[in-house]
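The chain contents come next:
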Amino acid sequence: MAPYVEKKVFEYTLDDDGNATITKYDGNVRALTIPDTLDGYTVVAIGSSAFAKNTYLQSVVIPDTVTVIQESAFAECTNLSQIHLSDNLEYMYDSAFGYCNSLNNVCIPKTLVECYSKDFFKDEGGPFRDCINLKNISFEEGITNIPKKLFYRCTGIEKINIPDTVIMIDDRAFKECTSLKNIQLSNNLTTIGQEAFNGCTSLEKVVIPNSVTTIKGAAFLACSKLSDVTLSKNLLSLGGYAFGDCDSLESIEIPKSIETTTKEYYIQYIYGYQWGVFIACDNLKNITFEKGTTQIVYGMFANNESIEKIEIPETVTTIGSDAFYKCTSLTEINIPDTVLTVGSYAFGGCKNLEKVHLPKNIKNIEKGTFKDCSVLKDITIPDTVMKIGDVAFSGC
C-alpha cells in the first residue's frame, strides 16, 4: 500500500518578508473562509488566477491580512454569489472577479487605492468586468476616493449611490457600465475623472453637485441616452469630450464659474483629431448661460455641429479663442456691445454663418476670427476697430 500523502488545498509563494501569496487553490467547498496564515506564514495576497474557474465556490471570505488581489484571481467562478473583501485591501486588479455571473453584491473597503493594470497596453476592464448580476454596491463608511477602473465594464450595475465622504471619482471608475441608469453623487465631490462614466449608455440624468470644480476629459462621453444634465455652479474646468457624443442631450445651462476647457482627442472616434466639450452632440440646440456670466471660455462649443443659434448674455465681456470653432450649423450671431474681446478663431469654420453683429466697442478682430465662414454676407466693422488679424476673414 502506498503511503498516505495529504493533499495540499492551497499552494503559495513567499515574498522577501516571509509573507504568503496564494497561487493555487484545489478545493471543492462551497463556502470558503480563506485562512489568514498558511503553515505559519501570514497570507497577504491572492495571486493571479489562483481561484479562477472554480465552479464549486458560492461564497468567499477574504481575511483582513490580505492587501492585494491580483489579476483574474477569482475570474469565471460562475457560482460565486457572495464575497467579503479584506478590510485592509489596497490593490485589486483587472478581472479579479471578472465574469463571476452569480455575484450580486459587494462592499468596497475604504482602504482600496488601486484597481488597474500597470501594463499600458493591457485594457481588460476593472476587477468586476462583466459581472452581469452585480447590482447591489455599497461602500465602507469613510471612503474618500472611488479608485480608477473600479467598476470598468461591470455590466450589471443599474444604480449607484456615492457616499458624501467621497471627494473624487477617479478615471474610468464606471466606464462602460452599460446598465447604469441612476447615479447619486456625493455632495462633497470635487473631481470627476477622465472617462469616469464614458459609455454608460443607459444613463439618462445626472446632477453634478455644486461641490464639483473639475470634470475631466470624456467623463460622460458616449452616454447616448443622457438627456438631463445639471452642472455644478462652482465648476471651474470642463474637459474635452466631457459630454461628447451625448446624442439625447438637447439643452444645457453653462455656469458662470467656468474658467477653462481642455483640448483632448479620442482618435477611436470618427471625428479623429477634432475636439470639443460637446462634440458630436447631434441634438444639442438650446444653450443658456447662468445669470451673471462674463465670459465664454476657450473652446467651449468647438466642433459642435448641431447648435443653430445662440444668445450671448449682455453681461459677457469676453469670448475666448475657438469658443464656437466649426459650429457648422450656426447661422446668426449677435455679439452684445458689452463684449470687449473676441479671441482668435472664435467663429472660424462656421461655414453656415450668414450674419454677425459685432460689438460697438471692440478694438481688435483677432487672427482667424471668421476664417472659412464661407457664406458670411452681413457684417459691419465698427469704427473702434484698430487691428484686423491675419486670415481673420480668409475664406469668406
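Residues numbered from 1 in each chain as written. Predicted model: local features only at pLDDT ≥ 70, side-chain atom pairs only at ≥ 80, totals over all residues. Heavy atoms only, no water.

Caption draft 1: A look at the pattern of salt bridges. One pass over the structure, following the stated rule, counts nine salt bridges. With a shortest N-O distance of 3.4 Å, Glu195 and Arg172 are connected by a salt bridge. Here Glu195 is found in the loop between strand S16 (191-192) and strand S17 (205-207), whereas its partner Arg172 is found in the loop between strand S14 (168-169) and strand S15 (182-184), with 23 residues between them in sequence. Overall, Arg172 belongs to the partly exposed group, its relative accessible area being 26%. We note a salt bridge from Glu308 to Lys285, for which the minimum N-O separation is 3.3 Å. (Salt bridge = Lys/Arg side-chain N within 4 Å of Asp/Glu carboxyl O. Helix = DSSP H or I, 4+ residues; strand = E, 2+ residues; numbered from the N terminus. Buried < 20%, exposed > 50% of the residue type's maximum accessible area, 1.4 Å probe, protein only.)

Caption draft 2: Here's a closer look at the sheet that holds strand S28 (residues 341-342). One open sheet holds the three strands; their spatial order is S24-S26-S28, and the pairing between them is parallel. Two strands bound the open sheet, and with one partner strand each, they are strand S24 (295-296) and S28. The sheet contact formed by S24 and strand S26 (residues 318-319) spans two bridges and is parallel. Bridging from a neighbouring strand, Ile296 pairs with Ile319 of S26. (Pairing = 2+ DSSP bridges.)

Caption draft 3: Molecular detail of the packing of aromatic side chains. Enumeration according to the criterion identifies 21 aromatic pairs in this entry. Ring centres of Phe278 and Phe301 lie 5.9 Å apart, and the angle between their planes is 20°; this geometry places the pair in the stacked category. Within this pair, whereas Phe278 is found in the loop between strand S22 (260-261) and strand S23 (286-289), its partner Phe301 is found in the loop between S24 and strand S25 (309-311), the two being separated by 23 residues in sequence. The pair formed by Phe278 and Phe301 is uniform in burial state, with each residue classed as buried. (Phe/Tyr/Trp six-rings, centres within 6.5 Å; stacked < 30°, edge-to-face > 60°.)

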